[in-house]
Amino acid sequence: MKIQSPPGMRDFYPDQMCVQNWLFDLWRSVSRSYGFQEYEGPIFEYLDLYRLKSGEGIVSEVFAFQDRGGREFAIRPEMTPTLARMVAARANALPRPIKWFSIPRMCRAEKPQRGRLREFFQWNADVLGSEDALADAEVIAVAVEFFRRAGLRDEEFVVRVNHRELAAEVLAAHGIDTERQQAAFQLIDRADRLGELEFARQWNESFAASLPADSLRALLADDDLERCCAHAQRAGQAGAAAAQALRQLWERLEQLGVRPACAFDLSIVRGLAYYTGTVFEAHMRQGGLRALAGGGRYDNLTGLLDGPRVPGVGFGMGDAPVLEALRQLGRLPQASEQLDVFVIDADANLFPRALTITQHLRRAGLAADYSYRRATIGKQLKEAAGRRARFALIIGEELDQRGELGLKDLETGAQRAVRLDTITSDPRAVIGVGGPMPGNTGVSPVA
C-alpha cells in the first residue's frame, strides 16, 4: 500500500533540508545580531490558551485532541500565546526589555494553498516590557534586515505599517462605533483573500449605512501619513496618542536606516482582537503572494493569563511564503551539504588507514567521509566532487615512504604534500577549513 505525506505537510529530503537550514541560520543570525535570545516551548498547549487569546472560533482552526484524562490540547498554531504564558509565569524575574526569538514548527487545520500549509516553520521575534516606539521600530528593523540579507532590495519588498487606534478613529469618524470595529477590522483584513466583489458584498451587508464599500476603498487608499495623523489627532485623545506614536515610530525607522523599506498603509489592520497599537505586514511589491510576515503591538495579552501587564510587540514570518518569494525572484541559494575532506585510498590495502585518518579529522570537528566502494583514484575523486568536498586527502605509497599524504584542493585543482603527523595532531590548521569545534556553543560550563 502506497502512503504519501498528509495534505499540507512536507517531506524534506537532504537537498531541501539544506535550504531550510540556510533559512533557519539566517533567521538566527539576524536575531542574534539585534540582541535577541532564543527560546522554545511545547509542541502542544492546553486548548484554553488559544481560546483566551482568539475566542471560541479558534477551535475549528487547530488540530485539537483530548488526552486519556479528558484534558483538551491543541498542536500549536502560533507562538505568541506560548510566549505570553512563559513571560507571565516569570514576569517579575525577567530583565527588561525581554528580547526573544523562536523558530517553532506549527500546525493549522486549514485548506492548503500556495504559500500556506498545514504544517510550517515560523520565525517569531518579540520585544516585551517596553511601550516605547523604539521597540516597535526595532522589531520592524529585524524583519527588514532579514530581507536585505536574503538578497532582496528595498524596491522589491515593503513593510506596510499602520496603528489600530488610528484606524479605529477613522472608522468612528464615519459612523462605525467601537462595538462594530473589531468585525470591521476582521473583514478589512480578509479583503485580499475575499476578492473585490465578495468583500464589497459582505462589507455593505454590515456597514453600508455608515460607510459604503466604495467609500471605504477610497479612504483606505490614502497613504499620506501626516494627513491621516492630523485627521486622527482632531478626533480625540486616543487618536492624538496614535498619531504621536506613529510619528515617533517613523522617526525611529529613519534613524535605524529601514525607513526606505516601509510605507504607511491605512488598510493594514490585522484581524486579531489582541492587537492594541502598531500593526504591520511585509509584502513583496509585486508577485501576488500573501503577506510574508505580520505582527504588531499587544499590550494586554499577559494579563489574560493572570500575569502582570507586560506590553509587547512582535511578528511572525512563515518559511513557506518566504521561500516561495525568493524562488520566484531567483534568490534562493543552491544550498547542499558540503564535506570539508574526502579521504581517498590509492590502494585497497590502504583503506584501513584511511578509516583511522578519517576519524582523526572527524574528531577535530571536520566533515569528513570516504567511498564505500574500492575504486581508482579518479573514480573516488569524481565521487568527492559529487559530494561537494572542499579537499581530497589522498593516501598513497608516499605515506610509508616519507610519511606524507596528498592534499588536493578540489576548487582550484592545486595539490600539495602534507605530513601525517601534522594531520593527526592539528588537521584543522593544516587543511584550513571547518566550523567551530563541537560543543563550543558559548555556554559557560557548570561549576
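Residues numbered from 1 in each chain as written. Predicted model: local features only at pLDDT ≥ 70, side-chain atom pairs only at ≥ 80, totals over all residues. Heavy atoms only, no water.

## Regarding the overall build of the chain
To keep things clear, this is the line we draw: To qualify as a helix, a DSSP run of H or I must reach at least 4 residues; to qualify as a strand, a run of E must reach at least 2; elements of each kind are numbered from the N terminus. To sort residues, take the accessible area from a 1.4 Å probe on protein chains only and compare it with the maximum for the residue type: under 20% means buried, over 50% means exposed, and anything in between is partly exposed. When checking whether two residues touch, look at their non-hydrogen atoms; a contact exists if any pair is within 4.5 Å. Exposure was quantified through the Shrake-Rupley algorithm and a 1.4 Å probe, taking into account, for residues, occlusion by the shown protein chains and nothing else. In summary, the charge assignment counts Lys and Arg as positive and Asp and Glu as negative, without counting His or the chain termini. Working definition for charges: the position is that of NZ of Lys, CZ of Arg, CG of Asp or CD of Glu.
Within the chain, the regular secondary structure consists of 18 helices and 17 strands. Projected onto its principal axes, the C-alpha positions of the chain cover 95 × 55 × 55 Å. Residues classed as buried in the chain amount to 47% of the 447 residues present. Considering only contacts within the chain whose residues lie at least 6 apart along the sequence, 66% involve residues at least 24 apart. Counting only carbon and sulfur atoms, one obtains 49% of the accessible surface of the chain, whose full area is about 22,400 Å². Within the chain, one finds 56 positive and 59 negative side-chain charges whose respective centroids are separated by 4 Å.

## Let's talk about the sheet that holds strand β4 (residues 72-75)
The condition is simple: If DSSP finds at least two bridges between two strands, the strands pair. Note on method: axes are straight lines fitted to C-alpha atoms, helices fitted across the in-contact stretch only, with angles between N-to-C directions ranging 0 to 180 degrees.
Taken in spatial order, the 3 strands make up an open sheet running β2-β4-β3, and their pairing is antiparallel. If you trace the sheet from one side to the other, it starts and ends with β2 (44-46) and β3 (64-66), each paired once. Each strand axis lies, on average, 35° off the axis of its neighbour in the sheet, ignoring direction. Inspection of the sheet shows β2 paired to β4 by 3 bridges, in the antiparallel sense. Paired with F44 across the bridge in β4 is I75. Those strands touched by helix α2 (residues 47-54) are β2, β3 and β4, and its axis lies near 75° from that of β2.

## Digging into the pairing of strand β5 (residues 98-102)
A large share of β5 lies buried, amounting to 5 of its 5 residues. Judged by which residues are buried, β5 turns out to be covered on both faces: I98, W100 and S102 on one side and K99 and F101 on the other are all buried. Both strand β1 (residues 37-38) and β5 contribute to a ladder of 2 bridges, which runs parallel. Following the sheet pairing, E38 is matched in β5 by F101. Sheet topology note: the β5/strand β7 (residues 119-128) ladder contains 5 bridges and is antiparallel. In the strand pairing of β7, I98 is matched with L128.

## Details of the sheet that holds strand β15 (residues 391-395)
Within the open sheet, the 5 strands sit side by side as β14-β13-β15-β16-β17. Their pairing is mixed. The open sheet has two free edges, formed respectively by β14 (368-370) and β17 (415-419), since each of these has just one partner strand. When strand polarity is set aside, the average angle formed by the axes of neighbouring strands in this sheet is 30°. As defined by bridge partners, strand β13 (residues 341-345) adjoins β15 across 5 bridges and the pair is classed as parallel. For I344, the partnering residue across the bridge sits in β15 and is I394.

## Quick notes on the packing of helix α4 (residues 133-149) against helix α11 (residues 237-255)
As a reminder of what qualifies: Any angle from 65 to 115 degrees is called roughly perpendicular, while one under 35 is roughly parallel, one over 145 is roughly antiparallel, and all others are oblique. Note on convention: near helix rotated counterclockwise from far helix by under a right angle means a left-handed crossing. Clockwise means right-handed.
For the pair α4 and α11, interaxial distance at closest approach is 8 Å and the crossing angle is 50°. Judged by the inter-axis angle, α4 sits oblique to α11. With respect to the hand of their crossing, α4 and α11 are arranged in right-handed fashion. Listed contacts from α11 to A133, L134, D136, A137 and I140 of α4 are A245, Q248, L249, R252 and L253.

## Structural notes on the nonpolar core
Basically, it comes down to this: In these notes, a set of buried Ala, Val, Leu, Ile, Met, Phe, Trp, Tyr and Cys residues joined through side-chain atoms within 4.5 Å is what counts as a nonpolar core.
Membership of the largest hydrophobic core comes to 78 residues, with the highest contact counts inside it found for W123, F146, L166, W203, F315 and M317. In terms of residue count, α4 provides more of this core than any other element does, 11 residues in total. Those residues in contact with L166, other than ones at most four positions away along the chain, are C228, C229, A232, A242, L246, F264 and L266. Among the nonpolar cores identified, the runner-up in size contains 21 residues, and L366, V418, I423 and V433 belong to it.

## What about the pairing of β17?
Alignment of strand β16 (residues 404-409) against β17, held across 5 bridges, turns out to be antiparallel. Looking at the pairing, L407 lines up with R416 of β17. Hairpin connection of β16 to β17: 5 residues between the antiparallel strands, including G413 at a positive phi of 85°.

## Some words on the pattern of salt bridges
Inclusion rule: For this document, the term salt bridge refers to a Lys or Arg side-chain nitrogen within 4 Å of an Asp or Glu carboxyl oxygen.
Counting across every chain of the model gives 39 salt bridges. D177 is the partner of R180 in a salt bridge, and the nearest nitrogen-oxygen pair spans 3.7 Å.

## As for unusual backbone geometry
In this chain, R96 is followed by P97 through a cis amide linkage whose omega measures -5°. Structurally, P97 can be placed in the loop between α3 (80-89) and β5. One non-glycine residue, D306, lies in positive phi territory at about 60°. Mapped onto the fold, D306 is located in the loop between α12 (301-304) and β12 (312-318).

Function-wise, these values are silent; they only describe arrangement.
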